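Examining the three-dimensional arrangement
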Amino acid sequence: MRTSPSPHMSGRWRRAGSTAVATSALLLAGLGTAVHATAATPDHVSAKAVATAVAKAHVQYESACDATPKKGYAACNALRVTAGTTAYMEKQAALKGLTAKTLKPNASSASPTGYGPSDLQDAYGLTDASADNGSGETIAIVDAYDDPNAAADLATYRSYYGLSACTTANGCFKKVSQTGSTTSLPTADSGWAGEISLDLDMVSAIAPNAKILLVEASSSSMANLGKAVNEAVTLGAKFVSNSYGGSESSSDTSYDSSYFNHPGVAITVSAGDEGYGAEYPAASKYVTAVGGTKLSASSNTRGWTESVWKTSSTEGTGSGCSSYDAKPSWQTDTGCTKRMIADVSAVADPATGVSVYDSYGSDGTGWNTYGGTSASSPIIASVYALAGTPGSSDYPAQYPYEDTSALNDVTSGNNGSCSTSYFCTATSGFDGPTGLGTPAGLGAFTG
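Residues numbered from 1 in each chain as written. Predicted model: local features only at pLDDT ≥ 70, side-chain atom pairs only at ≥ 80, totals over all residues. Heavy atoms only, no water.

Further remarks concern the state of the cysteines. Applying the stated criterion across every chain, the model contains four disulfides. The side chain of Cys 166 participates in a disulfide bridge whose partner is Cys 172; the two sulfur atoms lie 2.0 Å from each other. Taking the sign of the torsion about the S-S bond as the criterion, the disulfide between Cys 166 and Cys 172, at about -85°, is left-handed. Classification of Cys 166 by relative accessible area gives buried; the value is 3%. Covalent S-S linkage joins Cys 418 and Cys 424, the inter-sulfur distance amounting to 2.1 Å. Taking the sign of the S-S torsion, about -80° here, the bridge from Cys 418 to Cys 424 comes out left-handed. Its relative accessible area of 22% is what places Cys 418 among the partly exposed residues. In this structure Cys 424 comes out as buried when scored by relative accessible area, which is 2%. Taken in N- to C-terminal order, the disulfide-linked cysteines of the protein are connected 1-2, 3-4, 5-6, 7-8. (Disulfide = S-S within 2.5 Å. Buried < 20%, exposed > 50% of the residue type's maximum accessible area, 1.4 Å probe, protein only.)

Dropping the structure here:
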């Protein structure tokens, strides 16, 4: 009960599919403030016109860091939009009777171009919980290398959206190395700095009252990232987000026992961004593996709809049956005898991506839109934090399986081809790409 020197590389260009939304509910989401917008459609802008504009959304994006890590190393799962127009941008332009201004590679943006806190809180039924819960909890972010501008960029994001300050001075934010040092930090890296900004901003968006601990590993090796996870737990974090992954290996069960077996701690891990296929540490039986969705406004009761995020056969949320990790007792699907990925999911499609502020290095152009399962992992870690401290002997990955009614079941889309349908195709109930679904409040994340 609850009581490698620098792995950054320019990613290949990718094009995300169009995001079509055909309802006036678009006007209720994403108006760029910390308070949920309730403005009606201007008389001169019809819902049909807004939907037509949003359907034009198309983006290009690149991997924030090394997309093909060598054995024993991990890549971050952050994707930075570099060109095109997001669904958020198309809607905002339509409401003003304008044509959306197309993003250009490496061009700075004076204001957000992706979903903000009010959008994400509304989409996942968290508006009240985000305002009221999370005080006293510490959410840790584990990433590789240093982001020298982490604190300043975090302050910019929170100030823009009207969130309370989270600084080193007021005790809300702390940045350390994998050994816990606040002064001897890893080498800085532009790509991983973008990942760090994404993670910090998603925690801020979902759980603005929580404290944030950033633990920076000295490299992207699984050993160093694992040591950073251990340090996060040692420093008291009960929620640890890991937005990275690499190929599975026979070493994974050893990594499990050395780094990820922490009863009483909710550890979330991105499922991956390369479509169908299992990654580690998402495959660890001790973690909550988080898949990715395409999140669009809708005229339904919820006001939003989700499908499996897939851009191409090799670009979309990860999923799959582990080759090495044993199946946890709470997973009951019969097609995979070992650990199945994922458990739950949240937004990850770059075309319906999230707003991030990053000012460091070649990628640090200010306001950006990011996607990838690097967005969904810290979102879910933060939902766990809103739900309260896990029981000391619990493995919180089990919680969603105990209350599936408190999740939005994602039933459409796929992330590739597979011989066992639910491994890569959404269906009612549990499936690989989206797990049991996305948060509908806190019920599924409470023991």
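Next comes the rest of the write-up.
Right, let's get into the environment of Gly 372. By secondary structure assignment, the location of Gly 372 is in the loop between strand S19 (366-371) and helix H9 (373-387). On the basis of relative accessibility, which here comes to 0%, the residue Gly 372 falls in the buried class. With near-sequence residues (within four places) excluded, Gly 372 lies in contact with Asn 77, Leu 79, Asp 273, Trp 309, Val 347 and Ala 348. (Helix = DSSP H or I, 4+ residues; strand = E, 2+ residues; numbered from the N terminus. Contact = heavy atoms within 4.5 Å.)

Moving on to the pairing of strand S10 (residues 266-270). A regular strand places its side chains so that they alternate between the two faces of the sheet. Of all five residues in S10, five are buried, a share of seventy percent or more. Of the pairings in the sheet, the one linking strand S8 (residues 239-242) to S10 comprises four bridges and is parallel in character. When the sheet's bridge partners are listed, Asn 242 is paired in S10 with Val 269. As paired strands, S10 and strand S11 (residues 288-297) are joined by three bridges and run parallel to one another. (Pairing = 2+ DSSP bridges.)

Attention now goes to the packing of aromatic side chains. According to the stated counting rule, one finds 17 aromatic pairs in the structure shown. Pairing Tyr 401 with Phe 430 gives two aromatic rings, centres 6.3 Å apart and planes at 40°, and the pair type is tilted. Taken together, the positions of Tyr 401 in helix H10 (residues 399-402) and Phe 430 in the loop between strand S20 (407-408) and strand S21 (438-439) put the pair 29 residues apart, joining distant regions of the chain. Of the two residues, Tyr 401 and Phe 430, neither departs from the other in class, the shared state being buried. An aromatic cluster is defined as three or more aromatic residues linked by ring pairs; in this entry it consists of Tyr 157, Tyr 160, Tyr 161, Tyr 357 and Trp 367. (Phe/Tyr/Trp six-rings, centres within 6.5 Å; stacked < 30°, edge-to-face > 60°.)

All right, on to the pattern of salt bridges then. Taken as a whole and assessed by the stated rule, the structure comprises six salt bridges. For Glu 62, the salt bridge identified is with Arg 80, shortest N-O distance 3.0 Å. Pair noted here: Glu 62 is in strand S2 (residues 58-63) and Arg 80 is in strand S4 (residues 79-85), with a separation of 18 residues, a long-range link. Accessibility classification places Glu 62 together with Arg 80 in one group, the buried group. Among the ionic pairs, Lys 327 bridges to Asp 333, the shortest N-O distance being 2.8 Å. (Salt bridge = Lys/Arg side-chain N within 4 Å of Asp/Glu carboxyl O.)

So, on to unusual backbone geometry. Leaving glycine aside, a negative phi is the common case for residues, and trans is the common case for peptide bonds. In this chain, Tyr 280 is followed by Pro 281 through a cis amide linkage whose omega measures 15°. Of note in this structure, Tyr 145 is not a glycine but carries a positive phi near 65°. Mapped onto the elements, Tyr 145 comes out in the loop between strand S5 (138-144) and helix H5 (150-160).

Quick look at the packing of helix H7 (residues 222-234) against helix H8 (residues 252-260) now. In the contact formed by H7 and H8, the axes pass within 9 Å of each other and the chain directions differ by 30°. Judged by the inter-axis angle, H7 sits roughly parallel to H8. On the side of H7, the interface is formed by Met 222, Ala 223, Gly 226, Lys 227, Val 229 and Asn 230, while H8 contributes Tyr 255, Ser 258, Tyr 259 and Phe 260. Residues that form the contact of H7 with H8 fall into these classes: six nonpolar, three polar and one charged. (Axes fitted to C-alpha atoms, helices over the stretch in contact; angles between N-to-C directions. Parallel < 35°, antiparallel > 145°, perpendicular 65-115°, else oblique. Nonpolar A, V, L, I, M, F, W, Y, C, P; charged D, E, K, R; others polar.)

The next subject is the packing of helix H6 (residues 190-206) against H9. Following both chains from N to C, one finds H6 and H9 inclined at 35°, their axes separated by 8 Å at the closest point. The two elements H6 and H9 meet at a crossing, and its hand is right-handed. Each of Glu 195, Leu 198, Asp 199, Met 202, Val 203 and Ile 206 in H6 lies in contact with H9, whose residues at this interface are Ser 374, Ala 375, Pro 378, Ile 379, Ser 382, Val 383 and Leu 386. Looking at side-chain class alone, the contact of H6 with H9 contains nine nonpolar, two polar and two charged residues. (Left-handed = near helix turned anticlockwise from the far one by under 90°.)

Position of Asn 242 among the secondary structure elements: in strand S8. Separated by 2.8 Å, the side chains of Asn 242 and Tyr 244 make a polar contact. (Polar contact = N/O pair within 3.5 Å; in protein donor to acceptor, adjacent residues only side chain to side chain.)

Fair warning: the whole summary comes from geometry, so function is off the table for now.
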